[in-house]
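# Reading the structure
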Amino acid sequence: MRVLLVEDDPTIGNAVRDHAASQGHAVDWATTIAQADAFSDVVDSDLILLDLQLPDGSGVAFLKRLRGRRNMTPVIVLTARDQISDRIEGLNAGADDYLVKPFDLGELAARIHAVARRYGQRTTPIIQLGDVEVEPAERRLTGPHGAIDLSGREWAVLDCLLRHPGTIVPKSRIEDALYALGSEVQSNTVEVYVSRLRKKLGSSHVVTVRGLGYRMDVA
Amino acid sequence: MSASFSMTRRLMIWLTLGTALFWLLSAGLGAMVMREEFDEVFDSALEETTQRLMSLLIDQQFQSTAVSGADPVEVSPPGAKREYLTYQLRDQTGRVLLHSHDAPSEPFQVPLRQGYFDDEDHRTYTVAALNDTLFLQVADPLDHRREAMLEGARTLVLPILGLIPASVLVIWLILSKALRPISLLQDEISQRGGGNLRPLGLDEMPQELAGISTSVDTLLLRLGAALQAERDFAAHSAHELRTPIAGALAQTQRLLAELPSGHLQARACQIEASLKAITRLSEKLLQLARADAGIGAAETPVDLVPALRLVVDEFVRLGGQNARLKLELPPGTRLIQAVDIDAFAIALRNLIENALRHGPQNEAVVVRVEGPNGVAVINCGPVVSDAITAGWTTRFKRGATSSPGSGLGLSIVSQLASTMGAKLVFQSPAPDRSDGLRVAIEWPG
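Residues numbered from 1 in each chain as written. Chains lettered and ligands numbered in written order. Predicted model: local features only at pLDDT ≥ 70, side-chain atom pairs only at ≥ 80, totals over all residues. Heavy atoms only, no water.

## A look at the overall build of chain B
Stated formally: A helix here means a DSSP run of H or I that spans at least four residues, while a strand means a run of E at least two residues long, and both kinds are numbered starting from the N terminus. For this analysis, residues touch if any pair of their heavy atoms sits within 4.5 Å. Per-residue accessibility takes into account occlusion by the displayed protein chains alone, with areas from the Shrake-Rupley method and a 1.4 Å probe.
Counting its secondary structure elements, chain B contains nine helices and 13 strands. The contacts of chain B with a sequence gap of at least 6 include a subset with a gap of at least 24, amounting to 62%. Summed over its atoms, the accessible surface of chain B is roughly 25000 Å², and 59% of this surface lies on carbon and sulfur atoms.

The structure is reproduced here in structure tokens:
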């Protein structure tokens, strides 16, 4: 997933970014509301992790503006404001979930998967791709001969395709999911990772739709 | 402590008594003046009667032969009734020559001297004639005068007695009107409390109360500012404290993820555990600071059920042992109280944490909304005596348990329950069970 992290504290932001990246998510990190606005204008994020107290304004105001523009990107609020009234205010403003600092990074990962599952309309946490079983929440892939290892970028591509099963995902969108992982994306990068996925999952699940993108066929 | 009293009632009683007393004093003075006047009238009549009667008796004396007899003559006209005035005609030796039919034949115990003489029962007027050889003494009974005096006084007093109830009503009406500003001030002050510290805003108070009203407003403003400062401090402290802890914890967890297995990872695990312990303790201290800052009461009643659902949901989503938590909320139940929802949530969180931590593992913990005035958290476990539960609300005092905890949870709940206008109730065994514990926040119904 492409995640927009809005957090002004470098220590927390740094750890959350690295943890999300280790989970295969591409993270854009904004430290101010202005940067977050700029990111949301040009990048189509799959999830926003939003702090509420930022140097140039309130995260709630940013969230309300976002929803006012009919941008329904899922938002998880990460905040030190622990009162139930803050939580109600955040949820009423359009947040999908609310995590109070200090939080466990494992708990954050679980919340991200839960929100992603809800928005990706996955009714089950386990997805069957032929002989292969995918558990996105646990980032576990099991084939007929046991566990299959995927790199972070391979997960990013697989997750991007799995969130839109049966529909064409443009190549540019997959590139977006890879861009923020920190390295340059060459013109054939997506093809390289799709090819690696086909080798590990079986060639029939990821279908190339020439000139448009890729489609994941889920059994 | 002396019992409280009603100022209006006290004023009514004393004003009525005072007014009645003055009326009675006035009536008494009137009666005294009236008696003087009565005495003058009676004396005048007595004197006149004596003088007229004397001339008549002298005429009769010279015409009658009976007077030369030894015995006094009783003048008894036919059909005579009981007379008010009695008289005796006496010679200079004191012998009674003639007397009226109600007068005794024995001489009056009155000296033969012109003028008035009073004894216990009569006022007697003596007039002399024929060179002080004849004396006529006419006695007027004092009973007669006293009766006239009493009737006159009664006429003065009886209307006063009748007027007392009317005066009570008038005094009550006057007092109600005059004391209305006090009632208004009383009503406004009684509405102030933890949830309402707005100034009274009573502009048109009488001079006697304007100073009080202004002082109360000043006090409320200062109190409100002090409490707000304390709450802001607690809220800012929460943010300032949580953020670095969150950073340290997140970085430690990343370190754990990136370190290879071994002693360095074990050390990182210890740091993580310490940071989590600091998190829990700071959480409790911040909650305690908020409770001490007086959060709890609110001006407007709110339904606490949505907040209750959120709190229960927080726990259930964490999974593990928290999945034991069950919410019993009959459909349509509402918990409407004039309570700060943050205070309520803190109290409920602590009750749930305690029940999950100290109740037996794998046994359900129930959060039950018990009608509109109470919420209870019920867990299984051994029966606990009242003597033990009584000590649980003391700060930093922990029960006989090896489970982790700060010893602050129930003291926070107790403090918050008090500011929320509720009671913290312990009941063991729990209702309909032979074991377990029910801890409830109950509002007066």
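## Things to note about the layout of surface pockets
All names here are of chain B. Inclusion rule: Cavity means a closed set of points on a 1 Å grid over the protein atoms alone, one where a 1.4 Å probe fits but cannot get out, pocket means an open set with protein on both sides within 12 Å along at least 5 of 7 lines, and lining means a residue has an atom within 4 Å of a point. Grid points are joined across faces, edges and corners, and a volume is the space filled by probe spheres set on the points. In the scheme used here, Gly and all other residues not listed as nonpolar or charged are polar, with Ala, Val, Leu, Ile, Met, Phe, Trp, Tyr, Cys and Pro taken as nonpolar and Asp, Glu, Lys and Arg as charged.
If you add up the space inside the second largest pocket, you get close to 500 Å³. Along its surface, the second largest pocket is lined by 26 residues, and Gln228, Arg231, Ala235, Ile295 and Asp342 are the ones closest to its centre. Those elements that provide at least two residues to the lining of the second largest pocket are α4 (207-258) and β7 (297-303). At nine residues, the largest contribution of residues to the lining of the second largest pocket is made by α4. A class-by-class count of the residues in the lining of the second largest pocket yields eight nonpolar, 10 polar and eight charged.

## Here we look at the pattern of salt bridges
Any two side chains of opposite charge can pair, so long as their charged atoms come close to each other. Residues and elements named next belong to chain A. As a reminder of what qualifies: Salt bridges, as used here, are contacts in which a Lys or Arg side-chain nitrogen is within 4 Å of a carboxyl oxygen on Asp or Glu. For the exposure calls, accessible area comes from a 1.4 Å probe over protein chains only, and a residue counts as buried if that area is under 20% of its type's maximum, exposed if over 50%, partly exposed in between.
What the rule picks out here adds up to 40 salt bridges over all chains. In this structure, the salt-bridge partner of aspartate 96 is arginine 67, at a minimum N-O distance of 3.2 Å. Placement of the pair is aspartate 96 in the loop between α4 (84-92) and β7 (97-100) and arginine 67 in helix α3 (residues 59-68), with a sequence separation of 29 residues. When sorted by exposure, aspartate 96 lands in the same class as arginine 67, which is buried.

## Observations regarding the sheet that holds strand β10 (residues 365-369) of chain B
Residue and element names in this part refer to chain B. Operational definition: Only strands joined by at least two bridges in the DSSP assignment are considered to pair. Fitted lines through C-alpha atoms serve as axes, helices being fitted only where they are in contact, and the angles separating the N-to-C directions of these axes extend from 0 to 180 degrees.
Ordered in space as β8-β10-β11-β13-β12, the five strands form an open sheet in which the pairing is mixed. Both edges of this open sheet fall to β8 (325-328) and β12 (423-427), since each of them pairs with a single strand only. On average, each strand axis in the sheet is tilted by 15 degrees relative to the strand beside it, whichever way the strands run. In this sheet, strand β11 (residues 374-379) lies alongside β10 in antiparallel orientation, the contact comprising five bridges. Among the inter-strand pairings, arginine 368 is bridged to a residue of β11, identified as alanine 376. Helix α6 (residues 305-317) rests against β8, β10 and β11 of the sheet, and its axis sits at about 160 degrees to β8.

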